[in-house]
Amino acid sequence: EVSHHSAVAFADAARNGWEVSGNGNDDYRLAPYVEGPWITKVGGVYFLQYASPGTQFFTYSDGFFVAKSLRDLGHSHHSKYSPFSPFSAKPTGFMRGAGHGSIFRGLDGGLWHVTTAVIARRIRRLVINPVHVQGEWMNADTYLGDFPVGVDGRRPDWQLLSLHKPATASSTSGANAPSRAFDEDIRTCWSAETGAAGEWLAVDLGANATAYAVQLNFAEVGAKQTGRLPLRDACRYYCEASADGVRWTVVPELDRREGGRDSPHDYVALRQPLSLRHLRVISAHTPAGAAFGLSDLRIFGTTAAVKPPARVGAPRVTRDS
């Protein structure tokens, strides 16, 4: 039963720099929003999280207040703003922003934070990051959150091989050049002139490489249908690999010509490592009347020149006298 309303969280950009508007928390002209509340109880502590400064910014993050009881959380003089705010932030990387989220306990027993990342002003994607809580401290691990990572937190020793590599395409629409599919920015994209089957995008990694995973992030340039699409009206495509750019072989694990569920950010961890220098993705069907396009074609693996860094050994600290 709700007995009364109680204002608990207010924006205080003068004290909390992360609440200042702008992609760099530098736009003091625009008042920040406070939204997306969510309450979580862990170990006898109540956490009231909220989002700020605005859903359109890279700096969109979640901060929180803490209290020892739900009643105290409803009274601003009994709850307190946490100096560990924001506990969820990701202003850089391929997908930016980590605000307006909620926390749940997974089947593994761990805590997870569902949040959103920005693509355009009114287009966002859901992101899930692990959460760690100790006493009144809380933190969502967003570090390299848009790179391959296991549910157990382990990160494979793969590197992003496709960044800024030379690319070619069957056609290009306007300024959406092939290079935009390899700039590690989900807000930009390559787009073909049409959505017809046979449109393609190819990348040259510059040297022989071993690929362990591929992620295809499809764009929706020129989509004419809004609302929910038929479940099986998904991007259908297939990929071909080559060592010389002349002779191509279809990659079975990257053959989606028969369709399936919609996967706008199709991530495929290959069962067997793939040796290649060139990779080409070819459209078989583009839904919603859109042109075939990708915001980024990301290839993870190793080359002779790009190897995982050596693991850090036991640290040693020397104090100056």
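Right above here is the structure, for reference.
Residues numbered from 1 in each chain as written. Predicted model: local features only at pLDDT ≥ 70, side-chain atom pairs only at ≥ 80, totals over all residues. Heavy atoms only, no water.

Engineer: I tried to follow the nonpolar core on my own but got confused; where do I start?
Structural biologist: Nonpolar side chains tend to gather and get buried jointly when the protein is soluble and globular. Ranked by size, the top nonpolar core spans 29 residues in total, and within it Leu-216, Leu-254, Leu-279, Val-281, Leu-294 and Leu-297 carry the most contacts. When contributions to this core are tallied by element, the ones reaching two or more residues are strand S12 (200-218), strand S13 (236-242), strand S14 (249-255), strand S15 (265-285) and strand S16 (293-303). Here this core gets eight residues from one element, more than from any other, and that element is S12. Setting aside its immediate chain neighbours within four residues, Val-281 contacts Glu-199, Trp-200, Leu-201, Leu-216, Tyr-237, Tyr-238, Cys-239, Phe-292, Leu-294 and Leu-297. (Core = buried A, V, L, I, M, F, W, Y, C linked by side-chain atoms within 4.5 Å. Buried < 20%, exposed > 50% of the residue type's maximum accessible area, 1.4 Å probe, protein only. Helix = DSSP H or I, 4+ residues; strand = E, 2+ residues; numbered from the N terminus. Contact = heavy atoms within 4.5 Å.)

Engineer: When you look at the environment of Leu-48 in this model, what are you seeing that I'm missing?
Structural biologist: Looking at the secondary structure, you find Leu-48 in strand S2 (residues 45-52). For the pair formed by Leu-48 and Ala-9, sequence separation is 39 residues and the distance between their alpha carbons is 8.8 Å. In this structure, Leu-48 is in contact with Val-8, Pro-37, Trp-38, Ile-39, Gly-63, Phe-64, Phe-65 and Leu-73, ignoring residues within four places of it in sequence.

Engineer: For this particular structure, what's the right way to read the sheet that holds strand S1 (residues 35-42)?
Structural biologist: Where strands meet in a sheet, backbone hydrogen bonds hold them as pairs that are either parallel or antiparallel. Judged by pairing direction, the sheet is antiparallel, and its four strands sit side by side in the order S1-S2-S3-S4 without closing on themselves. Edge positions in the open sheet fall to S1 and strand S4 (80-81), since each of these has one partner strand only. For strand S3 (residues 61-67) and S4, the ladder comprises two bridges, and the chain directions are antiparallel. In the sheet register, Phe-65 faces S4, and the bridge partner there is Tyr-81. (Pairing = 2+ DSSP bridges.)

Engineer: Please clarify how the packing of aromatic side chains should be interpreted in this entry.
Structural biologist: We describe a pair of aromatic rings using the distance from one ring centre to the other and the angle between the two ring planes. This model, assessed by the stated rule, comprises ten aromatic pairs. Pairing Phe-64 with Phe-87 gives two aromatic rings, centres 5.6 Å apart and planes at 80°, and the pair type is edge-to-face. Of the two residues, Phe-64 is situated in strand S3 and Phe-87 in the loop between S4 and strand S5 (96-105); the sequence distance between them amounts to 23 residues. Per residue, the accessibility class of Phe-64 equals that of Phe-87, and both read buried. Cluster of aromatic residues (ring-pair linked, three or more members): Trp-18, Tyr-50, Phe-65 and Tyr-81. The ring of Trp-200 has Arg-280 sitting right over it, with the charged end atom 5.9 Å from the ring centre. (Phe/Tyr/Trp six-rings, centres within 6.5 Å; stacked < 30°, edge-to-face > 60°. Lys NZ or Arg CZ within 6 Å of the ring centre and 35° of its normal.)

Engineer: Would you mind going over the pairing of S12 with me for this structure?
Structural biologist: Two faces make up the sheet, and in a regular strand the side chains alternate between them. Here strand S10 (residues 167-169) runs beside S12; their pairing, made up of three bridges, is antiparallel. Each residue of the ladder has a partner; that of Ala-169, found in S12, is Leu-201. Here 13 bridges tie S12 to S15, and the two strands are oriented antiparallel to one another. Opposite Ala-209, over in S15, you have Leu-276 as the bridge partner. The pairing of S12 with S16 spans nine bridges and is classified as antiparallel. Counted as the bridge partner of Val-214 is Ile-299 from S16.

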